[in-house]
Amino acid sequence: VQLQAFGGGLVQAGGSLNISCEASVTGRAFGSIDMGWFRQAPGKGREWISAISWSGGSIYYADVVRGRFTISRDNAKNTVYLQMNSLKREDTAVYYCAAEPIYHPYGDYNYWGQGTLVTVSS
């Protein structure tokens, strides 16, 4: 599984941004793989923020983004999305998508993409 994130950029506080992650999968269907989003702010550790099951039927959010971020997926396009609304300066980070959680949706994953930088200005 290879993952590539897109859509990062500079946005003002209070604004919105939609980032996406495209997967390249061999040997099985993207639609069989649970996915997650993480982020890493400057000088901080990696933080889990959201996850979605293979069907989209189960969705999870970290408290820090619940109500502001929405995760979704389009299995026909091998893509998972993260719609981010009401952005705050503290949302500034490199955002990473990940595939196939090892034990649970908010833990470690088997596959990681390169990140996309989201910068929120005041």
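To be clear, the structure that these remarks concern was listed above.
Keep in mind that this is a model prediction, so the values were computed, not measured.

## Some details on the nonpolar core
Core analysis: the largest hydrophobic core is formed by 29 residues, its most contacted members being Ile-19, Met-35, Trp-37, Phe-69, Leu-82, Met-84 and Tyr-95. Counting residues per element, the ones that place at least two in this core are strand E1 (2–6), strand E3 (17–24), strand E4 (35–40), strand E5 (46–52), strand E7 (69–74), strand E8 (79–84), strand E9 (93–101) and strand E11 (116–121). Once residues within four sequence positions are removed from consideration, Met-84 is found in contact with Gly-15, Ser-16, Leu-17, Ile-19, Arg-68, Phe-69, Tyr-95 and Val-118. Ranked by size, the runner-up nonpolar core spans six residues in total, among them Phe-38, Ala-62, Ala-98 and Tyr-109.

## Quick look at the state of the cysteines
Scanning the entire structure with this criterion turns up one disulfide. The disulfide that involves Cys-21 links it to Cys-97, with 2.0 Å between the sulfurs. Since a negative S-S torsion denotes a left-handed disulfide, the Cys-21-Cys-97 link at about 55° is right-handed. Taken together, the residues span a long stretch of sequence, with Cys-21 in strand E3 and Cys-97 in strand E9 at a distance of 76 residues.

## What to know about the sheet that holds E3
The strand order across the open sheet built from four strands is E1-E3-E8-E7, with neighbouring strands paired in antiparallel fashion. The two strands at the open ends of the sheet, each matched to only one other strand, are E1 and E7. In this sheet, neighbouring strand axes are inclined to one another by 15° on average, regardless of whether the strands run parallel or antiparallel. Bridging between E1 and E3 involves five bridges; their strand directions are antiparallel. Note on E3: the bridge partner recorded for Leu-3 is Ala-23.

## Examining the packing of aromatic side chains
Applying the stated criterion across every chain yields a total of four aromatic pairs. Judged by centre distance (5.9 Å) and plane angle (65°), the ring pair of Trp-48 and Tyr-106 falls under edge-to-face. Placement of the pair is Trp-48 in strand E5 and Tyr-106 in the loop between E9 and strand E10 (109–112), with a sequence separation of 58 residues. Three or more aromatic residues joined by ring pairs form one cluster here, namely Phe-38, Tyr-109 and Trp-112.

## Remarks on unusual backbone geometry
Of note in the backbone geometry, Ser-86 takes a positive phi value of approximately 50° without being a glycine. By relative accessible area, which is 41% here, Ser-86 ends up partly exposed. A positive phi angle, near 65°, is found at Glu-100, a position not held by glycine. Here Glu-100 is to be found in strand E9.

## A few points about the pairing of E4
Of all the six residues making up E4, five are buried; the element is thus mostly covered by neighbouring parts of the structure. Relative to E5, E4 runs antiparallel, the two sharing six bridges. Bridging across to E5, Arg-39 finds its partner in Glu-47. In textbook terms, the turn of a hairpin is the stretch between consecutive antiparallel strands, and for E4 and E5 this stretch comprises five residues, one of which, Gly-43, has a positive phi near 75°.

## Overview of the pattern of salt bridges
In total, this model carries six salt bridges according to the counting rule given. Close ionic contact of Asp-91 with Arg-39 constitutes a salt bridge, the shortest N to O distance being 2.9 Å. Taken together, the residues span a long stretch of sequence, with Asp-91 in the loop between E8 and E9 and Arg-39 in strand E4 at a distance of 52 residues. One exposure class covers both Asp-91 and Arg-39, and it is buried.

Thresholds applied
Residues numbered from 1 in each chain as written. Predicted model: local features only at pLDDT ≥ 70, side-chain atom pairs only at ≥ 80, totals over all residues. Heavy atoms only, no water. Core = buried A, V, L, I, M, F, W, Y, C linked by side-chain atoms within 4.5 Å. Buried < 20%, exposed > 50% of the residue type's maximum accessible area, 1.4 Å probe, protein only. Helix = DSSP H or I, 4+ residues; strand = E, 2+ residues; numbered from the N terminus. Contact = heavy atoms within 4.5 Å. Disulfide = S-S within 2.5 Å. Pairing = 2+ DSSP bridges. Axes fitted to C-alpha atoms, helices over the stretch in contact; angles between N-to-C directions. Phe/Tyr/Trp six-rings, centres within 6.5 Å; stacked < 30°, edge-to-face > 60°. Salt bridge = Lys/Arg side-chain N within 4 Å of Asp/Glu carboxyl O.

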